[in-house]
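Summary of the model geometry
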Amino acid sequence: MMGGSASESAYRVLMGVLESRTGQTLSPNRIWRIEMSLKPVMQRHGIADLDALVAALVTSNSRQLLDDTVDAMLNNETYFYREHSVFDDIASNALEHLRQINARQRRLTIWHCGVSTGQEAYSMAMLLAEQDRKWAGWQIDIVGTDVSYHAIGRARVGLYSQFEIQRGLPVQRMVRWFDQTEAGWLAKADLRRRIDFSVQNMLTDRPPLAGTADLIFCRNLLLYFSADMRKKAFAKLRAMAAPQSFLVLGAGETVLGQTDQFVASPRLRGLYEPADQQVRRPGIAPSIAA
Ligand SMILES: C[S@@+](CC[C@H](N)C(=O)[O-])C[C@H]1O[C@@H](n2cnc3c(N)ncnc32)[C@H](O)[C@@H]1O
């Protein structure tokens, strides 16, 4: 048996559905949690167990059931300023580089791919909003995308529980950028309007920002792709990236041995750059990627 009480074929079908819809594979420890994750979906749709869920997926053709099932199997773990030193480095280094590179057009585009319930994008939006004076006259676009419609729905609303708001968010930012309501902590309108959230499968959907993203966050989702999917994902990220741009991956992720589309940035620790045209300061010859 792969998980709990259901048949092995039910688990296989569910894992196959997840992979074909999102590219995500389930690690063994998450296979054990499938039944628990899908319980609310089964309750909502009046389905008794996992075998019955698989039968319903096959026979009912219900788009809603399929979306709910896939959504419930995704790992949406996230929190504010996750791996906070990354944000400190970006604030003091990457943004400075990008200010110089884009000084003429005065435009900055940030893409959070796999943004889940939004905390990562709100973290950047707060950071940039606090530098508003410095960016006066610039057009700053922050785009957050995720394959999970449930996660994007939550990101758009910007409402977080006491537990979520305390995870990684310093108190000063919490009170400055969120209002306490009966339902939880709600991002202020001035913060919400700074981010455009949409449902997107990064592997298959039409790219939202072809060739224009200056700073791309793609953290903690490549981890769960197979090697082939990861290659495809890197090609998509490269297609979105501006020629002189930075890519941010999760702490456990790297480009090494995964792709030749990006290389470790020679000047900004922990970040990556398109391999074919590394970031350079205006007027200075590019350093040639090997
Ligand atoms: C573990 S969360 C990471 C969230 C955030 N980037 C962070 O590091 O805190 C991974 C997110 O990637 C999303 N995801 C998985 N496969 C995806 C795909 N093919 N396209 C877009 N998003 C995907 C999941 O729905 C999930 O919200």
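Conventions we followed
Residues numbered from 1 in each chain as written. Predicted model: local features only at pLDDT ≥ 70, side-chain atom pairs only at ≥ 80, totals over all residues. Helix = DSSP H or I, 4+ residues; strand = E, 2+ residues; numbered from the N terminus. Buried ≥ 20, exposed ≤ 12 C-beta atoms within 10 Å, placed from the backbone. Pairing = 2+ DSSP bridges. Near = placed C-beta within 6 Å. Nonpolar A, V, L, I, M, F, W, Y, C, P; charged D, E, K, R; others polar. Domains from an automatic or database assignment. Axes fitted to C-alpha atoms, helices over the stretch in contact; angles between N-to-C directions. Parallel < 35°, antiparallel > 145°, perpendicular 65-115°, else oblique. Left-handed = near helix turned anticlockwise from the far one by under 90°. Contact = placed C-beta atoms within 7 Å.

Here the focus is unusual backbone geometry. Unlike most non-glycine residues, Asn 61 shows phi in positive territory, near 60 degrees. Residue placement: Asn 61 occurs in the loop between helix H4 (50-60) and helix H5 (63-73). Residues other than glycine seldom take positive phi values, yet Arg 106 does so here, at roughly 50 degrees. In this structure, Arg 106 sits in the loop between helix H6 (84-101) and strand E1 (107-113). The class of Arg 106 is partly exposed, set by 13 C-beta atoms lying within 10 Å.

Attention now goes to the sheet that holds strand E4 (residues 178-181). Strand order across the open sheet formed by three strands is E3-E5-E4, with antiparallel pairing between neighbours. A strand with exactly one partner marks an edge of an open sheet, and here the two such strands are strand E3 (159-160) and E4. By the bridge criterion, four bridges tie E4 to strand E5 (residues 184-187) in an arrangement that is antiparallel. Within E5, the residue paired with Phe 178 across the bridge is Ala 187.

Near the ligand lie 24 residues; those nearest to it are Thr 78, Gly 114, Ser 116, Arg 219 and Leu 221. A per-class count over the shell around the ligand returns seven nonpolar, 12 polar and five charged. Counting contributing residues, the shell around the ligand receives three or more from each of domain 1 (8-73) and domain 2 (84-274).

A separate point is the domain arrangement of the chain. By domain assignment, the chain separates into domain 1 (8-73) and domain 2 (84-274). One C-alpha centre belongs to domain 1, the other to domain 2, and the line joining them spans 29 Å. Taken together, the residues of the side of domain 1 that touches domain 2 sort by class into no nonpolar, four polar and two charged.

Next up on the list: the packing of helix H1 (residues 8-22) against H4. Contact geometry of H1 with H4 gives a least axis separation of 9 Å together with a crossing angle of 50 degrees. Put simply, H1 runs oblique to H4. With respect to the hand of their crossing, H1 and H4 are arranged in left-handed fashion. Each of Ala 10, Val 13, Leu 14 and Val 17 in H1 lies in contact with H4, whose residues at this interface are Leu 50, Asp 51, Val 54 and Leu 57.

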